[in-house]
Amino acid sequence: MARNTDSNTYTILFAIGMVLVVGSLLAFTASYFNPTITLNKKLEKQQNILFAMGVNEATLSGNADDATSFVSTDKVTTEFDKYITTQLVIEGDKATEDKEAYLIDIKKESDQVKSDASYVRKLPLFIGEKDGEKFYIVPMRGVGLWDAIWGFVALKEDLRTVKGVFFDHKGETPGLGANIKEPFFYQDFADELIYSGDQFKGIVVAKGNADPKNDDKTDNEVDAIAGATITGDGVTVMIKKDLAMYLPYFNTLK
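Residues numbered from 1 in each chain as written. Predicted model: local features only at pLDDT ≥ 70, side-chain atom pairs only at ≥ 80, totals over all residues. Heavy atoms only, no water.

Novice: Sorry if this is basic, but what is going on with the layout of surface pockets here?
Specialist: The rolling of a water-molecule-sized probe over the atoms marks out the regions of remaining empty space. Within this model, the largest pocket holds a volume of roughly 720 Å³. Lining the largest pocket we find 23 residues, and of these Lys41, Lys45, Ile104, Asp105 and Arg141 sit closest to its centre. In terms of residues, the lining of the largest pocket owes the most to one element, helix α1 (residues 8-52), which gives six residues. Of the residues contributing to the lining of the largest pocket, the split by class is eleven nonpolar, three polar and nine charged. Counted as a void, the second largest pocket has a volume near 260 Å³. In terms of lining, the second largest pocket is formed by Phe51, Ala52, Gly54, Asn56, Ala67, Lys130, Lys163, Gly164, Val165, Tyr186, Gln187 and Ala190. Looking at the lining of the second largest pocket, the elements with two or more residues in it are α1 and β6 (162-169). It is β6 that contributes the most residues to the lining of the second largest pocket, three residues altogether. (1 Å grid on protein atoms, 1.4 Å probe; cavity = no way out; pocket = protein on both sides within 12 Å on 5 of 7 lines; lining within 4 Å. Points joined across faces, edges and corners; volume = space filled by probe spheres on them. Helix = DSSP H or I, 4+ residues; strand = E, 2+ residues; numbered from the N terminus. Nonpolar A, V, L, I, M, F, W, Y, C, P; charged D, E, K, R; others polar.)

Spelled out as structure tokens, the structure:
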């Protein structure tokens, strides 16, 4: 007997069948590629941490033209273990060494605090050494114009001066807010102070900054990106908010 393909029952059963087939394929694909995706995320985070403290392809090759290139994925774990001497997890006034602190998801930690006010947030901190200098690298996460922004800021041993930064974003506007990833922007943060005297200030991405060449490293400001005011404000808030969480621990080191 011929099947009535015009009936509602057939249409519903066909739709259910397609959902099951497509769902099964997607689940298999996600499961199959998940180890690779997880590994790539780990390597990317290691690259970003090293980049913030000034370890890049130029460090390894000696070619200054490579200063804006990340350590390649085939070398990054070895270099990470070489340059990152200590990984800490800070919880309240307690700091514990943890060799996998870089795997802590700071977004999930933030969400946990929002859902449970009694939760003690885990703050990962990375201590690196390069050319006889020590650096403290702090992860950051905030909100830009359209979606999440994030990065790392590396502080020199005085815990007042920026060594370098790394920024990234999920969906900022190309040519505008997306330029937080560009050298002309992030290189301005090098040697900027996060304090004014004894008062913590962070660093302001300032529209109409009176120091467009960024010669003054004591004004707690860098020049904004034209047409990206909201993204710049997000960077400002992110730096101050997330660095402030580490100040109680940093004060114990002074």
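Novice: Is there a simple way to think about the side chain of His169 in this case?
Specialist: The residue His169 is located in strand β6 in this model. Polar side-chain contacts of His169 include one of 3.4 Å to the backbone nitrogen of Gly171. Each residue touching His169, except ones within four places of it in the same chain, is listed here: Ala148, Ile149, Trp150, Ala178, Ile180 and Lys181. (Polar contact = N/O pair within 3.5 Å; in protein donor to acceptor, adjacent residues only side chain to side chain. Contact = heavy atoms within 4.5 Å.)

Novice: Could you clarify how one ought to interpret the packing of aromatic side chains in this entry?
Specialist: What describes a pair of aromatic rings is the distance from one ring centre to the other and the angle between the planes of the rings. Scanning the entire structure with this criterion turns up 13 aromatic pairs. Both rings, one in Phe51 and one in Tyr186, keep their centres 5.6 Å apart while their planes meet at 80 degrees; by these two values the pair is edge-to-face. Linking Phe51 in helix α1 with Tyr186 in helix α5 (residues 183-186), this pair joins segments that are 135 residues apart in sequence. Exposure remark for Phe51: the relative accessible area of 8% places this residue in the buried category. Since its relative accessible area comes to 10%, Tyr186 is described here as buried. Aromatic side chains Tyr136 and Phe250 sit 6.0 Å apart centroid to centroid with 70 degrees between the ring planes, which places their arrangement in the edge-to-face category. Here the residue Tyr136 occupies a position in strand β4 (residues 133-143), and Phe250 occupies one in helix α6 (residues 229-253), the gap between them amounting to 114 residues. Considered together, Tyr136 and Phe250 belong to a single accessibility category, that of buried residues. Aromatic rings pair up to connect Phe51, Phe70, Phe166 and Tyr186 into one cluster. (Phe/Tyr/Trp six-rings, centres within 6.5 Å; stacked < 30°, edge-to-face > 60°. Buried < 20%, exposed > 50% of the residue type's maximum accessible area, 1.4 Å probe, protein only.)

Novice: Would you mind going over empty space enclosed by the protein with me for this structure?
Specialist: Counted under the stated rule, the structure contains one cavity of 30 Å³ or more. Empty space within the largest cavity amounts to approximately 40 Å³. Lining the largest cavity are Ile106, Arg121, Lys122, Leu123, Pro124, Pro139, Asp242, Met245 and Tyr246. With three residues, the top contributor of residues to the lining of the largest cavity is α6. In the lining of the largest cavity, the residues fall into six nonpolar, no polar and three charged.

Novice: What am I meant to see in the sheet that holds strand β3 (residues 123-130) here?
Specialist: Across a sheet, paired strands are connected by hydrogen bonds in the backbone, their directions being either parallel or antiparallel. Within the open sheet, the six strands sit side by side as β2-β1-β3-β4-β5-β6. Their pairing is antiparallel. Two strands bound the open sheet, and with one partner strand each, they are β2 (94-97) and β6. Geometrically, the sheet is characterised by an average inter-axis angle of 25 degrees between neighbouring strands, direction not taken into account. Where β4 lies against strand β5 (residues 148-156), nine bridges are found, and the strand directions are antiparallel. Within β5, the position partnered with Pro139 by the bridge is Phe152. Each of β1 (84-91) and β3 touches helix α3 (residues 76-83); the most contacted strand, β1, lies at about 75 degrees to it. (Pairing = 2+ DSSP bridges. Axes fitted to C-alpha atoms, helices over the stretch in contact; angles between N-to-C directions.)

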